[in-house]
Amino acid sequence: GSSSGGSSGSGSSSGATEGGGSSGGEGGSGSSSGVNPNCAVSWATTIFPTFESTGTGTCASTGCHGGTSAPTMIDGNPATTYTNLTNYSINGMKVIAVGNTNPAQSALECNIGITTPLCGLQQMPTPPGTLDATARTNITTWLACGAPNN
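Per-chain numbering applies: the sequence of each chain, read as written, is numbered from 1 onward. Local features in this predicted model are restricted to residues of pLDDT 70 or higher, and side-chain atom pairs are both shown and tallied only at a pLDDT of 80 or more, whereas totals for entire chains, interfaces and linings draw on every residue. Just so you know, side-chain values use all the structure's heavy atoms and leave hydrogens and water out.

Draft legend 1. Focus on the overall build of the chain. Segments assigned H or I by DSSP are reported as helices when at least four residues long, segments assigned E as strands when at least two residues long, and all are numbered from the N terminus. On a plain count of helices and strands, the chain comes out with four helices and two strands. Going from the N terminus to the C terminus, the chain shows its helices and strands as α-α-β-β-α-α. The burial tally for the chain puts 33% of its 150 residues in the buried class. In the chain, of all internal contacts separated by at least 6 residues, the share reaching a separation of at least 24 is 52%. Residue burial is assigned from relative accessible area. The probe radius is 1.4 Å, only protein chains are included, and a residue is buried under 20% of its type maximum, exposed over 50%, and partly exposed in between. Contact criterion: two residues are considered in contact whenever any of their non-hydrogen atoms come within 4.5 Å of each other.

As structure tokens, this is what we get:
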């Protein structure tokens, strides 16, 4: 018979999120392979509130990423902000590398000065925004969980 069977063949066509920056990675099972959805740190309730204009980082304030500076961060909208950060790159490195459990492989770490050398135009956050030791530890822990959208 001539069944054209349009479902999965033998090829691995996971090209939807192929960024080209994951050299050396084996990742055959897609971008969620390294994500721990049970991470002790939550994007929606811990990380994102720090980035809001009312958070200590003040990242989403109108003079910064809530205004014209990319990537855009939107107060009260953790889902869109997460997507914006996962789609934005600094020097070819994703700000949030979903599924990568090495925090140093997310540009967020070098952009806020956790790892060196610094990346981006300047270290974030800019004053009056601050990220204390707890905020920085939470970010690193969350990235080590593969940056789940939790």
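Draft legend 2. Geometry of helix α2 (residues 78-87). Thr-81, Tyr-82, Leu-85 and Thr-86 are the residues of α2 that are buried. Taken around the axis of α2, the buried residues stretch over an arc of 130°, which confines them to a single face. The inward-facing, buried residues of α2 contact α1 (43-51), β2 (93-94) and α4 (133-144). What the arc describes is the spread of directions from the helix axis to the C-beta atoms.

Draft legend 3. Fine view of the environment of Thr-83. Position of Thr-83 among the secondary structure elements: in helix α2. Look at Thr-83 and you get partly exposed, because its relative accessible area is 38%. Separated by 11 residues in the primary sequence, Thr-83 and Thr-72 have C-alpha atoms spaced 9.7 Å apart.

Draft legend 4. Molecular detail of the side chain of Thr-81. Mapped onto the fold, Thr-81 is located in helix α2. Definition of a polar contact: a pair of N or O atoms within 3.5 Å, with one able to donate and the other able to accept a hydrogen when the atoms are protein atoms, and with sequence-neighbouring residues admitted only if both atoms are side-chain atoms. In terms of polar contacts, Thr-81 uses its side chain to reach the backbone carbonyl oxygen of Asn-77, at 3.0 Å. When residues no more than four places from it in sequence are discounted, the contact partners of Thr-81 are Trp-43, Phe-48, Thr-72, Met-73 and Ile-74.

Draft legend 5. Highlighting unusual backbone geometry. Of note, the bond from Thr-116 into Pro-117 is cis; its omega dihedral lies within 30 degrees of zero at 0°. The backbone phi angle of Thr-58 is positive, close to 50°, even though this residue is not glycine. If you trace the backbone, Thr-58 turns up in the loop between α1 and α2. The exposure class assigned to Thr-58 is buried, which follows from its relative accessible area of 17%.

Draft legend 6. Quick look at the packing of aromatic side chains. Ring geometry is summarised as follows: Phe, Tyr and Trp rings, the Trp one being its six-membered ring, pair when their centres sit within 6.5 Å, and such pairs are stacked at plane angles under 30 degrees, edge-to-face over 60 and tilted between the two. Following the criterion strictly, the structure yields five aromatic pairs and no others. Ring geometry for Trp-43 versus Trp-142: centroids 5.3 Å apart, planes at 25°, classification stacked. With a gap of 99 residues between them, Trp-43 in helix α1 and Trp-142 in helix α4 connect regions that are remote in the sequence. With respect to class, Trp-43 is no different from Trp-142; both count as buried. Taken together, the ring pairs connect Trp-43, Phe-48, Phe-51, Tyr-82 and Trp-142 into an aromatic cluster.

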